[in-house]
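Chain and residue survey
Residue-level listing of the chains:
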Amino acid sequence: MSVNVQGIGESRQEQKVARRHMALLFLFAVLVYFVGNASMVITDPVESNYVETAKEMMASGDLFSPRIYGNYWYDKPVFFYWELIAAFSLFGQTSFAARFFPALLSLVSLFLTYFFGRRLYGERIGWLAALIMGTSVELWYIGHAVITDTTLFVSLSGMLIAFYLGYTERRVRWYYLAFFLAGVAVLTKGPIGLCLPGLIILLFLAWERRLRELWSPHIFAGFALFFAVAAIWYYPMVRLHGSDFLDTFLGVHNVLRATVSEHPRDDVWYFYVLVYLAGLFPWSLASLPAAVRRVWRRDLRLPRTSAMRFLVVWAVTVFAAFECFATKYVTYTLPYLLPLSLLLARYFAPRRELFRLLAGGMTALFVVLACFVAPPLMEKASGRETATLLTPAVERLTAETGAQPLVVSYRDDYSCSLVYYSGIVPYRLAPAEVLKKSMPAPGEISWNDKNVMPYFFQEDLPGDRDVVLLTDVERKDGVRMTVETLSQELSGTWEQIGETGNGEQIFLRRAADGPQGEEMGR
C-alpha cells in the first residue's frame with residue numbers, strides 16, 4: 001500500500017511548475033465556466049425551481065424551510081439553496097449570481113483532480129486529468145446549470161480523496177475531513193451523499209482485505225462529526241415539519257426515485273452507456289478504439305496497485321449503483337468523472353499531439369457555445385420574455401379596474417421561471433378531471449407530490465372577476481389556440497392583449513361581468 005506523495009521535499013522547480021499549472025487552471029476555468037454566464041437566463045423546468053425557492057426563502061427570512069409558490073418544498077436539502085442565497089446577496093438576483101457557485105465549484109473540482117492526480121501519479125498526470133475533465137461535455141454542461149450536482153460532486157469527491165489519503169498516509173485528519181464532507185454531501189442531496197461513497201469505500205477495503213480499518217475508533221468519532229454536520233438542517237426540519245417532511249423528502253424524493261421511474265422512457269440498460277460516451281466526449285470516443293482492441297485481444301488485467309483499484313472501484317460503483325436506480329438522469333453519474341479522468345490521463349499522456357488538439361478544440365468550442373449558442377437556446381426554454389410582458393399587463397389592468405385580476409396558465413407545461421422573473425404566481429388552469437389526477441393525494445407517496453403549484457378548476461372560473469390567461473398558441477394536442485377556440489373551451493368573451501415576440505404564447509383577457517369577486521382555487 002503506497003502512494004506517490006507529492007509536495008513533500010519538492011524542489012523549487014517542481015513548486016514553480018505546480019503554481020504555473022494552478023494559475024493556468026484558474027484562467028481556463030474562468031474562460032470556460034464563467035464567461036457567458038450573465039447572458040444565460042434561468043430555464044424551465046429544473047433551474048427555475050431552485051432559484052424561485054431561494055428567492056422565496058430570502059423574502060420570508062426563513063433560511064431553513066425551502067418553499068415555492070408559498071408552500072413548503074422538500075425536494076432537496078438546503079445547502080444549494082444557501083449557496084444561491086449567498087450569491088444573490090452578493091451579486092443580486094441575476095443569472096450570473098445563480099450560476100456563480102456551479103461555476104466556482106467546477107473550478108474547485110479541477111483543482112481537486114489536479115491535486116489528487118499529482119499525489120497519485122505525478123505532475124503531468126494531474127495536469128492532464130484536470131484538463132480532460134474540464135473539457136468534457138458533462139462537466140461543462142453541469143458546471144453552467146443551476147442544479148445541485150456540482151456541489152455534490154465536489155463534496156463527494158473530496159470525501160473519497162480525503163479517505164484515500166487517510167488510508168494511505170495513516171493521518172487521522174484526512175478521515176475527519178472525509179466525514180465532514182460527507183455531512184455536506186448529505187446536506188446537498190440527501191442520503192446518497194453518504195451511502196454512495198460509503199459503498200465505494202466498503203468495496204475498496206474488501207478488495208484490499210482491509211475491512212478491519214472500519215473498526216478504528218477514529219471512524220466512530222468521524223460518524224459523530226458527520227451527524228453533527230447533518231443535524232444542522234435535518235434536526236430543525238424534523239422538529240418544525242415532522243412527518244410531512246420525512247414522508248415527502250425521504251419517501252418521494254429518495255425511496256420513490258430509486259424504485260419507481262420518474263421518466264420510464266429513460267429506464268433502459270444502455271442509458272448510462274450513452275451518457276458516458278456523450279458526457280466524456282471527446283475523450284471517450286478518442287480512447288474507445290484502444291479499449292475495444294484490448295477487449296478483443298483479451299488483454300485485460302486486474303489493477304495491480306492500491307491507487308488503481310481505488311479509482312476503478314470508484315468509477316464502476318457509481319455507474320453500477322445508478323444503473324440499478326429506476327429513475328435515471330444524465331447528471332447522476334457525474335461522480336465518476338474524476339476517477340475516469342485520471343485513468344484517461346494515463347492513456348493520453350504519451351499522445352501529446354492528440355491531447356493538445358482535443359483539449360484546444362473543446363476549449364474554443366465551449367467558449368463559442370457559452371457566448372453565442374447557449375443564450376438564445378436558453379431564452380427559448382425560459383419564461384423571462386413572457387414575464388416582461390405579463391407584469392405590465394397585470395399592473396395596467398389592476399390600475400384600470402382597481403382590483404387584481406385572476407392570472408391563470410392554460411398551458412401544457414407550468415413555467416416556474418415566469419414566476420421567478422415576474423413575481424406573479426399564476427394558477428394552473430385545467431378541467432377538474434385532469435387536475436385531480438395530477439394533484440397530491442393525502443397519505444399517498446407518488447410523483448404527484450412534486451406538483452405544488454396552485455390549481456384552478458376551469459369549471460369554477462369566476463365570471464365576476466377579470467381574468468388574464470396565458471396559453472401556448474400550438475398545444476401538444478394539436479389544437480391551435482385563438483380567441484375563437486378559447487371562447488369555445490371557456491365561457492365568456494375573450495380578447496387578446498399581447499403575445500410573445502416569437503408568437504408562441506398569447507395573453508388573453510376576459511373582463512368581469514359584474515362586481516369583482518374573491519379569488520378562489522387551490
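Scroll up to find the structure this text is about.
Summarised in this report is the structure supplied together with it. (Residues numbered from 1 in each chain as written. Predicted model: local features only at pLDDT ≥ 70, side-chain atom pairs only at ≥ 80, totals over all residues. Heavy atoms only, no water.)

Side chains of Leu199, Leu202, Leu203, Leu211, Leu214, Trp215 and Phe220 sit close together on the surface and give an oily, nonpolar patch of about 680 Å² of accessible area. Locating Leu211 in the fold gives a position in the loop between helix H10 (192-208) and helix H11 (217-259). Exposure remark for Leu211: the relative accessible area of 39% places this residue in the partly exposed category. (Patch = residues over 30% accessible without salt bridge, like charges linked within 9 Å, V, L, I, M, F, W, Y side chains within 5 Å. Areas by Shrake-Rupley, 256 points an atom, 1.4 Å probe, with all protein chains shown as cover. Salt bridge = Lys/Arg side-chain N within 4 Å of Asp/Glu carboxyl O. Helix = DSSP H or I, 4+ residues; strand = E, 2+ residues; numbered from the N terminus. Buried < 20%, exposed > 50% of the residue type's maximum accessible area, 1.4 Å probe, protein only.)

Turning to helix H7 (residues 137-144), a few remarks are in order. The buried fraction of H7 amounts to six of the eight residues, a majority that puts the element mostly inside the structure. Residues of H7 that are buried: Glu138, Leu139, Trp140, Ile142, Gly143 and His144.

As summarised here, the arrangement of the six strands in space is E5-E4-E3-E6-E8-E7, forming an open sheet in which the pairing is mixed. Unpaired on one side and paired on the other, strand E5 (455-457) and strand E7 (495-499) mark the two borders of the sheet. Within this sheet the neighbouring strands show an average axis-to-axis angle of 35 degrees, counted without direction. Taken strand by strand, helix H17 (residues 384-401) contacts strand E3 (406-409), strand E6 (467-472), E7 and strand E8 (505-510), and its axis lies near 10 degrees from that of E8. (Pairing = 2+ DSSP bridges. Axes fitted to C-alpha atoms, helices over the stretch in contact; angles between N-to-C directions. Contact = heavy atoms within 4.5 Å.)

Between helix H14 (residues 306-324) and helix H15 (residues 337-348), whose axes approach to 8 Å, the crossing angle comes to 130 degrees. Between H14 and H15, the crossing angle belongs to the class labelled oblique. Every pair of crossing elements has a handedness; the one defined by H14 and H15 is left-handed. Judged by residue contacts, Met308, Leu311, Trp314 and Ala315 of H14 engage Leu338, Pro339, Leu340, Leu342, Leu343 and Arg346 from H15. (Parallel < 35°, antiparallel > 145°, perpendicular 65-115°, else oblique. Left-handed = near helix turned anticlockwise from the far one by under 90°.)

Let us now look at the pattern of salt bridges. Using the criterion set out here, one finds 26 salt bridges in the structure. Residue Lys450 is joined to Glu262 by a salt bridge in which the shortest nitrogen-to-oxygen separation is 2.8 Å. Of this pair, Lys450 sits in the loop between helix H19 (432-438) and E5 while Glu262 sits in the loop between H11 and helix H12 (271-279), placing them 188 residues apart in sequence. Of the residues examined, Lys450 reaches a relative accessible area of 23% and is grouped as partly exposed. For Glu262, a relative accessible area of 18% puts it in the buried group. Across the salt bridge formed by Arg509 and Glu495, the nearest N and O atoms sit 3.9 Å from each other. A residue pair is termed long-range when its members are at least 10 positions apart, and Arg509 in strand E8 and Glu495 in strand E7 qualify at 14 residues. One salt-bridge network, in which partners are shared between bridges, spans Asp75, Lys76, Arg257, Glu262 and Lys450.

A few words on the pairing of E6. The side chains of a regular strand alternate between both faces of the sheet. Within E6, six of the six residues are buried, which leaves the element mostly enclosed by the surrounding structure. Here E6 shows no split at all, with Val467, Leu469 and Thr471 on one side and Val468, Leu470 and Asp472 on the other all buried. Here E3 pairs with E6 via four bridges, running parallel. Paired with Val407 across the two strands is Val468, which belongs to E6. Pairing between E6 and E8: six bridges, direction antiparallel. Counterpart to Val468 in the pairing with E8 is Arg509.

Residue Pro45 follows Asp44 across a cis peptide bond; omega there is 5 degrees. For the peptide bond that leads from Phe281 to Pro282, omega is 5 degrees, which places it in the cis range. Although it is not a glycine, Tyr69 adopts a positive phi angle of roughly 55 degrees. By the element assignment, Tyr69 lies in the loop between strand E1 (67-68) and strand E2 (71-72). For Tyr69, a relative accessible area of 13% puts it in the buried group.

To continue, consider H12. Those residues of H12 not exposed but buried are Phe271, Tyr272, Val275 and Gly279. The buried residues of H12 occupy an angular sector of 85 degrees when projected down its axis, which confines them to one face. (Arc of directions from axis to C-beta.)

Aromatic rings in a pair are described by how distant their centres are and how their planes are angled relative to each other. Per the counting criterion, the structure on display carries 44 aromatic pairs. When the centroid spacing of 5.6 Å and the interplanar angle of 85 degrees are considered together, the rings of Tyr69 and Tyr414 count as edge-to-face. Placement of the pair is Tyr69 in the loop between E1 and E2 and Tyr414 in the loop between E3 and helix H18 (416-422), with a sequence separation of 345 residues. Tyr414 matches Tyr69 in its accessibility class, with the two residues each being buried. Look at Phe226 and Phe227: their rings are 5.0 Å apart centre to centre, the planes differ by 65 degrees, and that puts the pair in the edge-to-face class. Relative accessible area serves as the criterion here: at 5%, Phe226 is assigned to the buried category. Here the aromatic cluster, defined as three or more aromatic residues joined through ring pairs, consists of Phe116, Phe163, Tyr164, Tyr167, Tyr175, Phe204, Phe310 and Trp314. When the ring centre of Tyr121 is taken as reference, the NZ or CZ atom of Arg346 above it lies at 4.5 Å. The residue whose ring lies beneath Arg351 is Tyr347, and the NZ or CZ to ring-centre distance is 3.8 Å. (Phe/Tyr/Trp six-rings, centres within 6.5 Å; stacked < 30°, edge-to-face > 60°. Lys NZ or Arg CZ within 6 Å of the ring centre and 35° of its normal.)

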